[in-house]
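# Structure at a glance
This is what each chain is made of:
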Amino acid sequence: MISAPLAEGVIDVHAHWLPTELFHLPPGAPYGRMHDRDGELHLGEIPLSIPTRAMSDVPAILKDMRAAGVGVRVLSAPPFAFPVGGVPGAGEYATAFNDALSAVVSDAGGRLVGLGMVSLGDADEARAQMERLARTGGIAGIAIPPLLAGRSLDRGPLRHILADAADLDLAVLVHPMQLPRPEWSEHYLSNLIGNPVESATAVAALILGGVKEELPRLRICFVHGGGCAPGLLGRWTHGWHTRPDVRRHSTRPPEEVFGELFFDSVTHDPGLLGLLTAHATTDAIVCGSDYPFDMAQQDPVGFATDHGPDAGTLTANARAFLGL
């Protein structure tokens, strides 16, 4: 629920924030706690190559927004803070994050919007958290991972969360978690390949699983331009037409449903953003940055407007996604 008018300018729907008091991360988190070393942020022993202030310091975030020409920034937790462990204490962590996020966006004069966090392993707890978020000023929706315990958006807890989000009129941002695999242990491939694959898996599960058909009011956005999805859409559509098992849970071809989803502009490739826009239409593209990570689009507004929709369209699309 957004209680105050938004500031003017392009809306960046994909940016991250976490208060320092929650750097310990939720119980069961797969990585070590976050911490500062001489002004640089670390995740366990892994340097994140960003200033600590960029993740937690709101004045620094607002200053960086002005420099990037961003009018409004939508904040969500970094993906390694998602409570995926399914262990006691996750609910308390999510509530603490949501309370802190609400306070930050409420004091930002319409320049910040929040996407809250939910307990991923407890459907009843997640529903209660989402009901509270729907009544909280400055909060437009939630952010979730694309995969959980070997399942994606068409089955299990994530499927229930999507149904509740649609019912409560909350936007959903899907962000990959950079899950480790042995073949991706070098060259940062867990991010460079893993993140796009996670996102594409979730897009396919949503479409082929018939989830969007069952939940037509669901407003859902996939970051990083949907990962590999734009390049695979033709293959999915061919498979849907030729194989009964592919279309078993859906009644509409993937290319048709694809245009009803939202995608951010963080593709790092003008050609890929052009392909995404051709498949999804200009009404589905929103500006994103992935701030403050090193894989962020450094000039989010310039890149999006140079190779995708104009600033007015990007802003209108973001408002549609956020339900504003």
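Reading the values: the criteria
- Residues numbered from 1 in each chain as written.
- Predicted model: local features only at pLDDT ≥ 70, side-chain atom pairs only at ≥ 80, totals over all residues.
- Heavy atoms only, no water.
- Phe/Tyr/Trp six-rings, centres within 6.5 Å; stacked < 30°, edge-to-face > 60°.
- Lys NZ or Arg CZ within 6 Å of the ring centre and 35° of its normal.
- Helix = DSSP H or I, 4+ residues; strand = E, 2+ residues; numbered from the N terminus.
- Expected span 1.5 Å × (residues − 1).
- Buried < 20%, exposed > 50% of the residue type's maximum accessible area, 1.4 Å probe, protein only.
- Arc of directions from axis to C-beta.
- Contact = heavy atoms within 4.5 Å.
- Polar contact = N/O pair within 3.5 Å; in protein donor to acceptor, adjacent residues only side chain to side chain.
- 1 Å grid on protein atoms, 1.4 Å probe; cavity = no way out; pocket = protein on both sides within 12 Å on 5 of 7 lines; lining within 4 Å.
- Points joined across faces, edges and corners; volume = space filled by probe spheres on them.
- Pairing = 2+ DSSP bridges.
- Axes fitted to C-alpha atoms, helices over the stretch in contact; angles between N-to-C directions.
- Parallel < 35°, antiparallel > 145°, perpendicular 65-115°, else oblique.
- Left-handed = near helix turned anticlockwise from the far one by under 90°.
- Nonpolar A, V, L, I, M, F, W, Y, C, P; charged D, E, K, R; others polar.

Turning our eyes to something else, we now look at the packing of aromatic side chains. Under the counting rule described, the total for this entry stands at five aromatic pairs. Each member of the aromatic cluster is reached from another via a ring pair, and the members are Phe222, Phe258 and Phe263. Above the ring of Trp184, the side-chain terminus of Arg181 is found at 4.4 Å from the ring centroid.

Okay, helix α4 (residues 123-134) next. Here α4 is 12 residues long and its end C-alpha atoms lie 16 Å apart, about the 16 Å a rise of 1.5 Å per residue gives. Within α4, burial applies to Ala126, Gln129, Met130 and Leu133. Buried residues in α4, looked at end-on, bunch into an arc of 100°, giving them a common side. Lining the buried residues of α4 we find α3 (90-106), β6 (112-116), β7 (139-144) and α5 (156-168). For α4, the capping residue at the N-terminal end is Asp122, with a side-chain oxygen 3.1 Å from the backbone nitrogen of Asp124.

The next subject is the layout of surface pockets. Of the pockets and cavities examined, the largest pocket occupies roughly 550 Å³. Around the largest pocket sit 27 residues that line it, and Leu48, Gln178, Tyr188, Ser190 and Asn191 are the ones nearest its centre. Every element with two or more residues in the lining of the largest pocket is listed here: β4 (46-51) and α6 (189-192).

Omega for the bond connecting Tyr291 with Pro292 falls within 30 degrees of zero, at 5°, which places this linkage in the cis form. Within the element layout of this structure, Pro292 appears in the loop between β11 (285-286) and α12 (300-307). Positive phi, close to 60°, is recorded for Ser49, a residue that is not glycine. Take Ser49: it is sitting in strand β4. Residue Asp169 is not a glycine yet carries a positive backbone phi of 60°. With respect to the helices, strands and loops of the structure, Asp169 is situated in the loop between α5 and β8 (171-174).

Glancing now at the sheet that holds β8. Strand order in the open sheet formed by eight strands is β1-β5-β6-β7-β8-β9-β10-β11, with parallel pairing between adjacent strands. Only two strands of the sheet have a single partner each, and these edge strands are β1 (11-16) and β11. This element, helix α7 (residues 194-208), spans β8, β9 (220-222) and β10 (262-264) of the sheet and lies at about 150° to β9.

Let's shift gears to the packing of helix α11 (residues 270-280) against α12. Two elements in contact, α11 and α12, have axes separated by 9 Å at closest approach and are oriented at 60°. Regarding the angle of α11 to α12, the classification is oblique. For the pair α11 and α12, the sense of crossing is right-handed. Facing α11, whose interface residues are Pro270, Leu273 and Gly274, α12 presents Phe303, Ala304 and His307. Within the contact of α11 with α12, the residues separate by chemical class into four nonpolar, two polar and no charged.

Following both chains from N to C, one finds α7 and helix α9 (residues 229-242) inclined at 35°, their axes separated by 11 Å at the closest point. Of the two elements, α7 crosses α9, and the hand of that crossing is right-handed. Here Ala200, Val203, Ala204 and Leu208 of α7 lie close against α9, whose contacting residues are Ala229, Leu232, Trp236 and Trp240. Across the contact of α7 with α9, the residue classes tally to eight nonpolar, no polar and no charged.

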